[in-house]
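Chain residues, written in single-letter form:
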Amino acid sequence: MSKTEEFFNYINEGYKSKGDFITLGAGMLGEETVTNALVNIPLKTLNRHGLIAGATGTGKTKTLQVLAENMSEKGIPVLLMDVKGDLSGLAQPSPGHPKIDERHEKIGIPFNATKFPIEILSISEQDGVRLRATVSEFGPVLLSRILDLTDTQSGIVAIIFKYCDDNKLPLLDLKDFKKILQFVTNEGKEEIQEEYGRISTASTGAILRKIIEIEQQGGDLFFGEKSFEVDDLTRIDENGRGLISVLRLTDIQDKPKLFSTFMLQLLAEVYETFPEQGDSGRPELVIFIDEAHLVFDEASKALLSQIESIVKLIRSKGIGLYFVTQNPKDVPEDVLAQLGMKIQHALRAFTAKDRKAIKLAAENYPDSEYYDTKEVLTQLGIGEALVSVLNEKGIPTPLARTMLRAPMSRMDVLTEKEIKQVLDNSRLIPKYNETVDRESAYEMLSGKIDKINKEKTEEARKKEEEKTRRKSSSTRSRSTRQNPIIKVLTSATFIRAAFGILKKVLK
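Criteria and cut-off values
Residues numbered from 1 in each chain as written. Predicted model: local features only at pLDDT ≥ 70, side-chain atom pairs only at ≥ 80, totals over all residues. Heavy atoms only, no water. Helix = DSSP H or I, 4+ residues; strand = E, 2+ residues; numbered from the N terminus. Polar contact = N/O pair within 3.5 Å; in protein donor to acceptor, adjacent residues only side chain to side chain. Core = buried A, V, L, I, M, F, W, Y, C linked by side-chain atoms within 4.5 Å. Buried < 20%, exposed > 50% of the residue type's maximum accessible area, 1.4 Å probe, protein only. Contact = heavy atoms within 4.5 Å. Lys, Arg positive; Asp, Glu negative; His and termini not counted. Salt bridge = Lys/Arg side-chain N within 4 Å of Asp/Glu carboxyl O.

Asks: Explain the side chain of E119 to me, please; I cannot follow it from the model alone.
Replies: Along the polypeptide, E119 turns up in strand β5 (residues 118–122). In this structure the side chain of E119 is engaged in a polar contact, spanning 2.3 Å, whose partner is the side chain of S426.

Asks: Help me understand the nonpolar core in this model?
Replies: In globular proteins that are soluble, nonpolar side chains generally tend to be buried together. If you look at the biggest cluster of nonpolar residues, it comprises 136 residues, and the most contacted ones within it are M71, L80, M81, F177, I180, F288 and F323. Residue contributions to this core peak at nine residues, all from helix α9 (residues 256–273). Those residues in contact with F323 that sit more than four places away from it in its chain are G50, L51, I52, I289, A292, F296, V311, V331, V335 and L339. Formed by six residues, the second largest nonpolar core is a distinct cluster that contains A26, M28, L38 and M403.

Asks: Whenever I open this one, the side chain of R130 confuses me. Can you help?
Replies: On the secondary structure map, R130 appears in strand β6 (residues 129–130). Although R130 lies buried, it forms no salt bridge, and the closest oppositely charged side chain, D127, sits 6.1 Å away as judged by the N-O distance. Excluding residues that lie within four positions of it along the chain, R130 makes contacts with S122, I123, S124, E125, F228, Y432 and N433.

Asks: Mind showing me how you'd approach the environment of S305 here?
Replies: With respect to the helices and strands, S305 occurs in helix α11 (residues 301–314). By relative accessible area, S305 is classed as partly exposed at 35%. It is 9.3 Å that separates the C-alpha atoms of S305 and D334, two residues lying 29 residues apart in sequence.

Structure representation (structure tokens):
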């Protein structure tokens, strides 16, 4: 048996699947693609999370596109974070190319140009289905972690939420939260102190500064109503294909705080909403987080801990998380350890730091008698990757240098006209894009503050009137009391004596 035949059997045995699966591509021995040595991913293990890594320009985004397409075809809904703006092309079929046909011939699978059902979402001013969440939905713990508050400040946030619950004050948007911060340190200070304890003005000032930071990054657009229902991410079209929701994020690359806030809230909401699924044959939803370092770079230790907990627990809800980034070291080790599928595109060794990163990246993969992993990582071509996934028993498959299949949809963005067509056909825009600003904490507290101020003004007026009345009464009292000297001078006896003396003088 030749080495090629041995390798063919090695890959087919390692990647065989009894249940349904996705074909990612074909294994490569050296520089040669071994036709029909297919690298398959069981649908059963797609909720075990994954990583797509590699240097800029090596094909990470196209790999993400391939996975999303094939999941959609299998009836699995997908959510994509489109940070670079090049994933909307999923809505149109690939125009095809001779090189694509040549690639698929080498792999051993046919190429079928196809368009997929997509929904365009937005958390900023870009067009799309508006994603929002209320402050109340975050809750005091999650909001405190996102704002990176101290224990004392977190305690104040908990008191604020408790006060609002007790007094039926809905916390919907950031202006609601800013208003309650103002209230507890001014007009409502005595009321809060009597019921919940003293609140430090310095602490509320620090919390307000954190709120303003998120507000300046566009948080005022994200916080509010109508809240997005995560069940709308799990729709299936009339042909049985999973909907691909494309979240446009091209204008928030310089707003990592908003991005990480949204991501954590979304994952928490999904975890709270979805029922336990157990060990099913396919996931309920797969989420791809492109430019994943934007989530982790700005995260505090408390926030990282929250993310790690969610990653560990959310797979039992049938949710798969896939992080897309340049280097595996961009992802915290505790999160990296939870990722069952790893697709590693080429890394570049320009500096000593790069070479060290390649060595560390190589250690994330199983040993192979067919590859020197560290060497192969620098030799991979565009559209090639080292792949290791979990088989149906949860055991890592053999490491395979893989020639990846091409996307079936367009590898480019939609035109403005095509985007408008997608938006016009959206079932969710009428549901979520109407601005709702019902009476909430801001309006209720504004009314309460006005009432308190009117009462204080009225009390001050009454005190001033009482003071004026007393002063006037005192003046009248003094004016009615006769001076003793004047009393003597005006007495009848004094007057008669004075006239008697005057008569004697005149004689």
